[in-house]
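# Notes for the structure review
So you can see what is in the structure, the chains are spelled out below.
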Amino acid sequence: ANIETLSVRRFSQSWTKIVAKARELPQLRELNIDDVPEANLSLIQNTHQFHQICLSTERVYAPKLETMRLRGGGLIPVVAPKLKTLVITEQSTTTWMLLDLFATSPLLEEITIDFSFVGNRLPSIFSHDIVDLPCLRSFKLLVHPWLRSFFRREIQDLRRKIIVPAGVEIEVVEQVEE
């Protein structure tokens, strides 16, 4: 496929599932998916389906992908060696899946993760390799104020698994709904 930019919003089906079935997106430079399900869909059912996609050993190879913004759905198991900007919101995923994505994207410069939906489910990140992000300039974890203390240990564990350049911090930002 010669698609360079893909920006889609969920209407009747999950774009996350459709994109995750692709094996290669050789020309894709920007991916924006708004995949928040309708209120009548079961969150638990969708979470389970997306984790099955993410835990699969199959990956989507996107060698030119530079920007990925995902809202809702699940983390697409992508190998994106040129990825520079990553924004993930309202998405159920695990710290292991995030570390896998970071490991295949060493050029990441900006990361924003809505950590309120991230879990430290199996597999444990303690057995995951440490990830070096030498180009990183900004890393924000968005957390709802009432969940901040709940996620304190998970955030500390994630920080231990990522090497960032001097002067860059993994910043925890309280996300206030408007």
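A brief report on the enclosed structure follows. (Residues numbered from 1 in each chain as written. Predicted model: local features only at pLDDT ≥ 70, side-chain atom pairs only at ≥ 80, totals over all residues. Heavy atoms only, no water.)

This brings us to the packing of aromatic side chains. Throughout the structure, instances matching the rule amount to two aromatic pairs. Their ring planes at 80° and their centres at 5.7 Å tell us that F102 and F139 sit as a pair that is edge-to-face. On the criterion of sequence distance, the pair formed by F102 in helix α3 (residues 95–103) and F139 in strand β11 (residues 138–143) is long-range, its members being 37 residues apart. Take F139: its relative accessible area is 1%, and that puts it in the buried class. Measuring from ring centre to ring centre gives 5.3 Å for F115 and F151, while their planes differ by 80°; the resulting arrangement is edge-to-face. Separated by 36 residues along the polypeptide, F115 in the loop between β8 (110–114) and β9 (118–119) and F151 in the loop between β11 and α4 (152–160) bring together distant segments of the chain. Classification of F115 by relative accessible area gives buried; the value is 0%. F151 sits in the buried class, given a relative accessible area of 6%. (Phe/Tyr/Trp six-rings, centres within 6.5 Å; stacked < 30°, edge-to-face > 60°. Helix = DSSP H or I, 4+ residues; strand = E, 2+ residues; numbered from the N terminus. Buried < 20%, exposed > 50% of the residue type's maximum accessible area, 1.4 Å probe, protein only.)

Gaps between atoms show up when a probe of the same size as a water molecule is rolled over them. Applying the stated criterion across every chain, the model contains one cavity of 30 Å³ or more. Considered as a void within the structure, the largest cavity measures approximately 30 Å³ in volume. Lining the largest cavity are V19, L25, L28, L31, V60, A62, M68, I76 and V78. Across the lining of the largest cavity, the residue classes break down as nine nonpolar, no polar and no charged. (1 Å grid on protein atoms, 1.4 Å probe; cavity = no way out; pocket = protein on both sides within 12 Å on 5 of 7 lines; lining within 4 Å. Points joined across faces, edges and corners; volume = space filled by probe spheres on them. Nonpolar A, V, L, I, M, F, W, Y, C, P; charged D, E, K, R; others polar.)

We now examine the environment of K64. Take K64: it is sitting in the loop between β3 (60–61) and β4 (67–72). Using a relative accessible area of 27% as the deciding quantity, one classes K64 as partly exposed. For the pair K64 and L83, spaced 19 residues apart in the sequence, the C-alpha separation amounts to 7.6 Å. Discounting chain neighbours no more than four positions away, the residues touching K64 are P26, Q27, L28, R29 and K82. (Contact = heavy atoms within 4.5 Å.)

Once that is clear, we can look at α3. Burial analysis of α3 places seven of its nine residues in the buried class, the great majority of the element. Within α3, burial applies to T95, W96, M97, L98, L99, L101 and F102.

Our focus in this paragraph is α4. Within α4, burial applies to E154, I155, D157 and L158. Summarising the axial view, the buried residues of α4 lie within an arc of 160°, below the 170-degree limit, and thus occupy one face. Turned more than 90 degrees away from the buried face of α4 sit R153 and R160, all of them exposed. Taken together, the buried residues of α4 touch α3, β11, β12 (162–163) and β13 (170–174). (Arc of directions from axis to C-beta.)

Another aspect to go through is the sheet that holds strand β1 (residues 5–9). Note: strands within a sheet are paired through backbone hydrogen bonds, in either parallel or antiparallel orientation. Spatial strand order, β1-β2-β4-β6-β8-β11-β13: seven strands in an open sheet with parallel pairing. The open sheet has two free edges, formed respectively by β1 and β13, since each of these has just one partner strand. Taking the axes of each pair of neighbouring strands and ignoring which way they run, one obtains an average angle of 10° across the sheet. In this sheet, β8 lies alongside strand β6 (residues 85–89) in parallel orientation, the contact comprising four bridges. Across the sheet, the residue bridging to V87 is T112, located in β8. Packing against the sheet, α3 makes contact with β4, β6, β8 and β11, and its axis sits at approximately 165° to β6. (Pairing = 2+ DSSP bridges. Axes fitted to C-alpha atoms, helices over the stretch in contact; angles between N-to-C directions.)

This next bit is on the pattern of salt bridges. According to the stated counting rule, one finds nine salt bridges in the structure shown. Across the salt bridge formed by R69 and E30, the nearest N and O atoms sit 3.6 Å from each other. Of this pair, R69 sits in strand β4 while E30 sits in strand β2 (residues 30–35); the two residues are 39 residues apart in sequence, bridging distant segments of the chain. Here E110 makes a salt bridge to R137, at a shortest N to O gap of 3.0 Å. With a gap of 27 residues between them, E110 in strand β8 and R137 in the loop between β10 (131–132) and β11 connect regions that are remote in the sequence. Linked by salt bridges that have partners in common, R9, D34, R71 and E90 make up one network. (Salt bridge = Lys/Arg side-chain N within 4 Å of Asp/Glu carboxyl O.)

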